[in-house]
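# An overview of the molecular structure
One letter stands for each residue in the lines below.
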Amino acid sequence: MPPHDRSAGSAGEPNGKPQGSSPARQVLSDSVYEDIKARVMDHEIAPGARVGIEALSRTLGVSPTPVREALARLEADGLVVKRSLSGYRATELLTRQGLEELFEMRLLLEPRATALAATNATEEQLDAIERIVEEMRAHPGPTGRYADYRDFAALDQRFHDAIAQASHRPLLADAVERLHSHLHVFRLTNVEVTEDPTLAEHERVVRAILRRKADRAAEAMAEHLTHSLERQLSHETNS
């Protein structure tokens, strides 16, 4: 990537995106964010390793400003942590206990959100959830490098967040979104799978929501999350 304008700036919003940035600068900021994110997801930046701003700016051919902005966004994602005196480090991978606790939280929150979505979702929200599943059909599942399944991972998060938003319970939706579970889980995926059942499980959830079957929707979401955890634990055992 060639050098760009080095004008000073700061992360002026909670997610680290600069306020009032020009379109060109925003494109640069997003590009740097996605590049560093891929390095973390693929363990090119090892879990627990220091993330040097100056070194990354040299590697990417940009000024330190978009790197700082990207790291602020990645901190909000839970992929890096900032510590006084030592700067940024990539977060450690979830342990087996951490993974089980993450899914414990999801199983408490998401089946309830899904049941409420089946009852409360507007027609526009139902259409949006269906469109996300349609888009997922066009993208490969979690296999290989992050660049290969990045779009699938983003759609997976959009799917779960859209259902939570459709519950019309803002605090519940916020809790689901703040888990950033897709990033932590996909970051653990280091084996190739010939067939990923995630999409089929999503389709069962959507069918129940569209039919306004709250109990069945909650059950389908709980089954999806339980199977997802089992797959992750199986990957861990086989790796």
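Residues numbered from 1 in each chain as written. Predicted model: local features only at pLDDT ≥ 70, side-chain atom pairs only at ≥ 80, totals over all residues. Heavy atoms only, no water.

### Things to note about the confidence of the model for the protein chain
On average, residues of the protein chain score 88 in pLDDT, and 86% of them reach the 70 mark or higher. Under a pLDDT of 50 for its full length, residues 1-16 has, in the predicted model, 37 contacts with residues more than four places off or in other chains. (pLDDT = per-residue confidence, 0-100. Contact = heavy atoms within 4.5 Å.)

### Here we look at the packing of aromatic side chains
Evaluated as defined, the whole model comprises three aromatic pairs. Plain terms: the ring middles of phenylalanine 152 and phenylalanine 186 are 6.4 Å apart, the flat faces sit at 85° to each other, and that makes the pair edge-to-face. Of the two residues, phenylalanine 152 sits in helix H6 (residues 146-166) while phenylalanine 186 sits in helix H8 (residues 181-186), which places them 34 residues apart along the sequence. Grouping residues by exposure puts phenylalanine 152 and phenylalanine 186 together as buried. Ring pairing ties together the aromatic residues Tyr146, Tyr149, Phe152 and Phe186, which thus form one cluster. Sitting over the face of the ring of tyrosine 33, arginine 73 holds its NZ or CZ atom 3.9 Å from the ring centroid. (Phe/Tyr/Trp six-rings, centres within 6.5 Å; stacked < 30°, edge-to-face > 60°. Helix = DSSP H or I, 4+ residues; strand = E, 2+ residues; numbered from the N terminus. Buried < 20%, exposed > 50% of the residue type's maximum accessible area, 1.4 Å probe, protein only. Lys NZ or Arg CZ within 6 Å of the ring centre and 35° of its normal.)

### A word on the pairing of strand E2 (residues 80-83)
As judged from the four bridges shared by E2 and strand E3 (residues 87-90), these two strands associate in the antiparallel manner. From the neighbouring strand, lysine 82 faces E3, where its bridge partner is tyrosine 88. In textbook terms, the turn of a hairpin is the stretch between consecutive antiparallel strands, and for E2 and E3 this stretch comprises three residues, one of which, leucine 85, has a positive phi near 75°. (Pairing = 2+ DSSP bridges.)

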